[in-house]
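# Observations on the model geometry
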Amino acid sequence: MDTFRSDAEAAPHDVDPLVRDILARHAGRPGALLPILHDVQDALGWIPEQAVPQIAAALQRSRAEVHGVISFYGHFRTAAPARTHLEVCRAESCQACGGNALYEHARARIAAGGAGEVSLAPVYCLGLCAQSPAVMIDGRPHARVTPEKLDALLASAQEA
């Protein structure tokens, strides 16, 4: 169980004010580590390495424990996110309709730099099985995606 120390004990003067505010909001709450990590990532887009010792000190945990939780959950990012986030469904229905080829197309395009600043992640079901293959770009689902349609969608996302 996470036990929170007072802000005066836990927060050295060099703590990012945003992280310090998040730590203060969770002061005294048992099990605060995951909510703190979510709040930091929601506020910053990722969990910077320099926040780990600050969080660990506030929760009287080791840096290794905090890092272990961050690395265990795939949701948490330890690097600034790309401008555009692309998720390609890798579930069976999408695979049967060309999802693997679509994923490889996206991977090759991103590796070649032809997609601008884009992160690529596999997901296992976007709920669009009847309209496979499917992708999610910045939280918006797209169905019946071909490589050409994906290129157009990425270009549009980069212009926005």
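To start, this report covers the structure provided alongside it. Per chain, residue numbering runs from 1 following the sequence as it is written. It should be noted that, the model being predicted, local features are given only for residues of pLDDT at least 70 and side-chain atom pairs only at 80 or more, the latter also being counted only at that level, while totals for whole chains, interfaces and linings use all residues. Hydrogens are left out, water is left out, and the side-chain values use all remaining heavy atoms of the structure.

## With respect to helix H4 (residues 51-59)
Here H4 lies mainly inside the structure; 7 of its 9 residues are buried. Burial classes follow relative accessibility: with a 1.4 Å probe on protein chains only, a residue under 20% of its type's maximum area counts as buried, one over 50% as exposed, and anything between as partly exposed. Helix numbering and strand numbering both begin at the N terminus, where a helix is a DSSP run of H or I of at least 4 residues and a strand a DSSP run of E of at least 2. Regarding H4, the residues found buried are Ala51, Val52, Gln54, Ile55, Ala56, Ala58 and Leu59. Of the residues one or two after H4, Gln60 is the one with positive phi, at around 55 degrees.

## Considering the pattern of salt bridges
The salt bridge criterion pairs a side-chain nitrogen of Lys or Arg with a carboxyl oxygen of Asp or Glu, the two atoms within 4 Å. Within this structure, the stated rule accounts for 4 salt bridges. Where Arg107 meets Glu104, a salt bridge forms, and the shortest distance between an N and an O atom there is 2.5 Å. You can see Arg107 and its partner Glu104 sitting in helix H7 (residues 99-111), 3 residues apart, about one turn around the helix. Glu104 gets classed as partly exposed once you look at its relative accessible area, which sits at 35%. We note a salt bridge from Asp151 to Arg109, for which the minimum N-O separation is 3.3 Å. On the criterion of sequence distance, the pair formed by Asp151 in helix H8 (residues 147-159) and Arg109 in helix H7 is long-range, its members being 42 residues apart.

## As for the sheet that holds strand S2 (residues 118-123)
Think of it this way: DSSP has to see at least two bridges between two strands before they count as a pair. With mixed pairing, the 4 strands of this open sheet are ordered in space as S2-S1-S3-S4. Across the chains shown, the open sheet's two edge strands, defined by having one partner strand only, are S2 and strand S4 (140-142). The average undirected angle you get between the axes of adjacent strands in this sheet is 25 degrees. Relative to strand S3 (residues 135-137), strand S1 (residues 84-89) runs antiparallel, the two sharing 3 bridges. The axes are straight lines fitted to the C-alpha atoms, using for helices just the contacting stretch, and the angles between their N-to-C directions are given from 0 to 180°.

## What about unusual backbone geometry?
Across the junction of Ser132 and Pro133, the peptide omega takes the value -10 degrees, indicating a cis bond. Of note, Pro133 is situated in the loop between S2 and S3. Phi is positive for Gln60, which is not a glycine, with a value near 55 degrees. Here Gln60 falls in the exposed class, since its relative accessible area comes to 52%. With phi around 50 degrees, Asp138 is a residue other than glycine that occupies positive phi space. Considering the arrangement of structural elements, one finds Asp138 in the loop between S3 and S4.

## Some thoughts on the packing of aromatic side chains
Each pair of aromatic rings taken from Phe, Tyr and Trp, with Trp reduced to its six-membered ring, is defined by centres within 6.5 Å and is described as stacked if the planes are under 30 degrees apart, edge-to-face if over 60, and tilted in the remaining cases. Counted under the stated rule, the structure contains 2 aromatic pairs. With a centroid separation of 4.9 Å and an interplanar angle of 90 degrees, the aromatic rings of Phe72 and Tyr73 are classed as edge-to-face. Overall, the relative accessible area of 63% leaves Phe72 in the exposed class. Their ring planes at 90 degrees and their centres at 6.2 Å tell us that Tyr73 and Phe76 sit as a pair that is edge-to-face. By relative accessible area, Tyr73 is classed as partly exposed at 36%. With a relative accessible area of 7%, Phe76 lands in the buried category. Put simply, the rings of Phe72, Tyr73 and Phe76 touch in pairs and so form one group of aromatic residues. Geometrically, a lysine NZ or arginine CZ counts as sitting over a ring once it is within 6 Å of the ring centre and also within 35 degrees of the ring normal. The side chain of Arg90 reaches across the aromatic face of Tyr103, ending 4.1 Å from its centre.

## Brief notes about the packing of H7 against H8
Where H7 contacts H8, the axes come no closer than 10 Å and their chain directions differ by 45 degrees. Overall, the two elements H7 and H8 adopt an arrangement that is oblique. In the crossing of H7 with H8, the sense of the turn from one axis to the other is right-handed. Seen from H7, the contacting residues are Leu102, His105, Ala106 and Arg109; seen from H8, they are Pro147, Leu150, Asp151 and Leu154. Gly is put with the polar residues, along with every residue not named as nonpolar or charged; the nonpolar set is Ala, Val, Leu, Ile, Met, Phe, Trp, Tyr, Cys and Pro, and the charged set is Asp, Glu, Lys and Arg. When the residues that make up the contact of H7 with H8 are grouped by side-chain class, the tally is 5 nonpolar, 1 polar and 2 charged. Roughly parallel means an angle under 35 degrees; roughly antiparallel, over 145; roughly perpendicular, 65 to 115; everything else is oblique. The sense of a crossing depends on the near helix, which, turned anticlockwise from the far helix by less than a right angle, makes the crossing left-handed and, turned clockwise, makes it right-handed. Contacts are assigned to residue pairs that have any heavy atoms within 4.5 Å of one another.

It is worth stressing that arrangement in space is one thing and function is another; only the former is reported here.
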